[in-house]
Amino acid sequence: MATKNWKRTTVTSALPYANGPLHIGHLAGVYVPADIYVRYLRSKGEEVLFIGGSDEHGVPITIKARKEGITPQEVVDRYHRMIKDSFEKFGISFDIYSRTSNAIHHETASEFFTTMYEKGEFIEKTSLQYFDEEEQHFLADRYITGTCPHCGNPKAYGDQCESCGTSLSPNDLINPTSALSGNVPVKKETKHWYLPLDKYQDWLEKWIVEDHKDDWKPNVYGQCKSWLDHGLQPRAVTRDLDWGVNVPLPGTEGKVLYVWFDAPIGYISATREWGQIHGKDWKPWWKDDDTRLLHFIGKDNIVFHCIIFPAMLKEEGSFILPDNVPAFEFLNLEGEKISTTNNWAVWLHEYLEEFPKKQDVLRYTLTITAPETKDNDFTWKDFQARNNSELLAIFGNFVNRTLVLTQKYIDGKVPERGELNPTDQIALDEIKLFPSRIGGSLEQFRFRESLTELMNLARLGNKYLTDSEPWKIFKTDPERVKTILNISLEICANLAILCEPFLPFTADRLSRMMNLPQRKWAIAGNPELLEPGHLLGQPEHLFDRIEDSVIEAQVQKLHDTKKQNEADAAPVSNLKPMKETITYDDFTKLDIRICTVEAAEKVHGADKLLKLAVNTGHDTRTIVSGIAQYYKPEDLVGKQFCFIVNLAPRKLRGIESQGMILSAEDPEGKLSLITPQDLLENGSEVK
Ligand SMILES: [Zn+2]
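It should be emphasised that the depicted structure is a prediction, and the values quoted were computed from it without experimental measurement.

### Focus on the packing of aromatic side chains
This model, assessed by the stated rule, comprises 35 aromatic pairs. Ring centres of F113 and F122 lie 4.8 Å apart, and the angle between their planes is 20 degrees; on these two criteria the pair is classed as stacked. Taken as a pair, F113 and F122 share a single burial class, namely buried. Note that R8 overlies the ring of W285, its terminal NZ or CZ placed 5.9 Å from the centroid.

The following block contains the structure:
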């Protein structure tokens with residue numbers, strides 16, 4: 001495809017779900033790359049709008065609210081604030097950070113649904129769904145628990161068993177129970193609207209498989225193709241829930257738009273809100289054909305942004321489609337999957353407290369090891385090495401030596417450049433190449449490569465300064481030292497401009513130290529940025545060494561988490577899982593009666609057994625039971641208990657036992673006999 005001449009770029013980044021704080025996986029997979037890209041475009045003077053916001057609807061939020069005894073709004077208020085704060089502190093430079101509980105979003109999503117509805121784009125379908133009669137509420141899959149048919153876990157959810165990991169539907173559960181009331185739910189008819197994705201199959205195949213074969217990342221293209229190859233199915237866009245965007249149709253109380261349907265519309269709502277706040281027209285950002293739309297997301301969101309949302313946009317009819325969806329793979333932590341529920345994460349709010357003013361160190365590490373094409377691993381050791389041997393030893397060291405030497409030898413002013421030797425000339429020629437190298441990689445969403453190029457400019461400076469050794473020749477050749485420092489300072493000034501998308505805090509500090517008047521991409525690559533005589537600011541250290549003890553403390557923290565997780569995972573109860581459902585007929589096969597023990601004695605040579613003479617009302621018979629550790633024979637005589645009287649006789653220690661006395665066994669294996677509340681006639685039935 002020929003590259004289009006875009007007039008402006010709308011960049012969206014996945015809406016984080018507002019039921020927990022952010023961790024490094026979020027930054028690495030979506031927000032840092034999106035921010036780098038946006039900062040790069042801004043630096044180039046292009047028109048760009050960077051959209052973000054919290055996704056605040058859906059069942060997990062209602063479950064959290066219920067658990068904590070607060071409202072869903074209180075849950076999302078708490079996490080929206082935390083998430084927004086972390087983004088700001090990490091320099092994620094959104095033009096707007098909105099939220100889907102805002103009125104403008106409800107309005108936008110309703111309008112979107114209504115337009116599609118009026119065009120007849122949805123299929124109406126009635127189906128049977130579990131309903132809690134006491135709460136008068138349909139049950140989302142997560143709100144139904146029961147026994148997993150695969151592993152017997154009695155607390156499996158209607159969508160998944162967390163014990164064995166199997167995906168379930170509520171119909172699979174044995175003994176389904178409503179998580180709202182604890183009652184057995186009933187099935188009831190409910191009506192929903194479906195997006196007929198199958199109808200867009202041909203169009204999507206052409207649009208993705210043919211038209212985006214070359215410009216979409218292989219991981220994105222491959223996942224889309226696999227979905228399309230499996231064939232698309234209609235997908236419900238509404239559900240029975242009381243938290244979300246109400247279905248804008250009459251007679252639909254208690255129904256909301258499914259969160260996957262309303263969340264991506266959140267990008268549009270946020271853009272409208274931005275327009276309101278700044279008195280600008282939002283429409284060109286979503287409706288002009290010369291606007292480039294980019295979605296930055298993690299790989300778990302590919303199908304929504306490449307297949308489902310484009311199908312929605314296409315059918316709604318008035319919006320542009322994404323030009324590219326540069327999705328990232330996942331970041332792991334110390335070799336294991338990041339997990340919010342297991343607290344296996346580096347939380348951003350904790351990092352900010354524990355590593356003050358080191359946002360760029362994390363931004364750097366997460367970019368240089370970004371999970372661009374495959375999953376990648378974050379380790380604290382690597383983080384330390386990236387800081388100490390790259391940022392500090394190369395970038396920081398070069399800048400610091402240059403500025404300190406300039407203060408020392410030339411009173412902090414940019415010196416004149418004298419006659420050039422071949423080394424100088426090579427350095428000056430090289431500087432010119434970096435903006436297009438760094439930018440070229442960025443334009444292809446190759447963030448690691450791009451940041452490596454930036455570091456190569458710092459390496460060039462570091463090597464040039466080290467090889468030229470101005471500190472050795474100052475006494476003998478001060479003119480030569482001026483040239484060396486002039487060229488080194490030009491490299492520093494270029495670094496200040498070119499590092500801004502990646503390391504915005506460092507760029508600010510370096511610009512201050514250089515007293516740089518402006519910092520646009522267009523002026524980078526020029527080795528004449530600084531006028532001779534230009535007064536520099538005070539040098540300070542851009543990066544500090546991170547000591548082993550600091551890293552060890554972080555590793556220890558994770559180690560403690562792991563120990564805690566193992567303790568939490570240990571069974572707190574030996575309760576056996578529930579058995580399979582039986583019919584009433586199965587139950588009535590058992591003949592259970594109240595009988596009186598008339599005599600009891602120990603069985604010779606068997607510690608556990610007692611031999612009982614039992615009056616069943618019909619007869620007196622012998623029953624042998626393994627209760628000798630819990631009951632003395634004399635304590636049983638004359639008392640009534642429950643017995644199964646139609647169990648086939650069997651021999652124990654040579655004595656034929658003609659039935660069984662019933663006892664309850666607690667999880668530790670202790671037995672307790674079952675006694676009626678009142679004295680009954682022998683042979684009374686238990687049912
Ligand atoms: Zn299971």
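Having seen it, we continue.
### Some points on the sheet that holds strand β10 (residues 235-236)
Reading across from one edge, β5-β4-β9-β10 is the order of the 4 strands in this open sheet, with antiparallel pairing throughout. Looking at which strands have only one partner, the edges of the open sheet turn out to be β5 (137-138) and β10. Inspection of the sheet shows strand β9 (residues 186-195) paired to β10 by 2 bridges, in the antiparallel sense. Along β10, the bridge assignment pairs Y194 with A236.

### Concerning the state of the cysteines
The final tally for this structure, using the stated rule, is 0 disulfides. Here C492 is not cross-linked by a disulfide; its sulfur's nearest cysteine counterpart is in C499, at 11 Å. Of all cysteine sulfurs in the structure, the one in C595 sits closest to C642, which takes part in no disulfide; the separation is 8.6 Å.

### Here's the deal with the environment of W274
With respect to the element layout, W274 can be found in helix α7 (residues 259-278). Once the C-alpha coordinates of W274 and I144 are considered, the two residues, 130 residues apart in sequence, prove to be 40 Å apart.

### Digging into the environment of S389
You can see S389 is positioned in helix α12 (residues 380-410). Spatially, the C-alpha atom of S389 lies 9.1 Å from that of R545, the residues being 156 residues apart in sequence.

### Some remarks on the environment of P284
Within the element layout of this structure, P284 appears in helix α8 (residues 284-287). Along the backbone, P284 and F319 are 35 residues apart, and their C-alpha atoms lie at a distance of 9.7 Å. Once residues lying within four places of it in the same chain are set aside, the contact partners of P284 are R8 and T291.

### What about the packing of helix α6 (residues 218-230) against helix α9 (residues 302-316)?
Helix-helix packing is described using two parameters, namely the angle between the two axes and the distance between the axes. At a closest axis distance of 10 Å, the pairing of α6 and α9 adopts a crossing angle of 60 degrees. Considered as vectors, α6 and α9 are oriented oblique to each other. Between α6 and α9 lies a crossing of right-handed hand. Across the interface between the two elements, N219, V220, Q223, C224, W227 and L228 of α6 pack against I302, V303, C306 and I307 of α9. In terms of residue class, the contact of α6 with α9 is built from 8 nonpolar, 2 polar and no charged.

### Brief notes about the pattern of salt bridges
Pairing of side chains with opposite charge becomes possible as their charged atoms draw close. Within this structure, the stated rule accounts for 47 salt bridges. Between R78 and E68 there is a salt bridge; the shortest N-O distance is 2.6 Å. With R78 in helix α3 (residues 72-89) and E68 in helix α2 (residues 59-68), this pair connects stretches of sequence that are 10 residues apart. Across the salt bridge formed by K482 and E479, the nearest N and O atoms sit 3.3 Å from each other. One end of the pair, K482, and the other, E479, are both in helix α17 (residues 478-498), 3 residues apart, so they sit about a helical turn from each other. Given a relative accessible area of 29%, K482 falls into the partly exposed group. Residues joined by salt bridges that share partners form a network here, namely D35, R39, R363, E500, D508 and R519.

Calculation rules
Residues numbered from 1 in each chain as written. Predicted model: local features only at pLDDT ≥ 70, side-chain atom pairs only at ≥ 80, totals over all residues. Heavy atoms only, no water. Phe/Tyr/Trp six-rings, centres within 6.5 Å; stacked < 30°, edge-to-face > 60°. Buried < 20%, exposed > 50% of the residue type's maximum accessible area, 1.4 Å probe, protein only. Lys NZ or Arg CZ within 6 Å of the ring centre and 35° of its normal. Pairing = 2+ DSSP bridges. Helix = DSSP H or I, 4+ residues; strand = E, 2+ residues; numbered from the N terminus. Disulfide = S-S within 2.5 Å. Contact = heavy atoms within 4.5 Å. Axes fitted to C-alpha atoms, helices over the stretch in contact; angles between N-to-C directions. Parallel < 35°, antiparallel > 145°, perpendicular 65-115°, else oblique. Left-handed = near helix turned anticlockwise from the far one by under 90°. Nonpolar A, V, L, I, M, F, W, Y, C, P; charged D, E, K, R; others polar. Salt bridge = Lys/Arg side-chain N within 4 Å of Asp/Glu carboxyl O.

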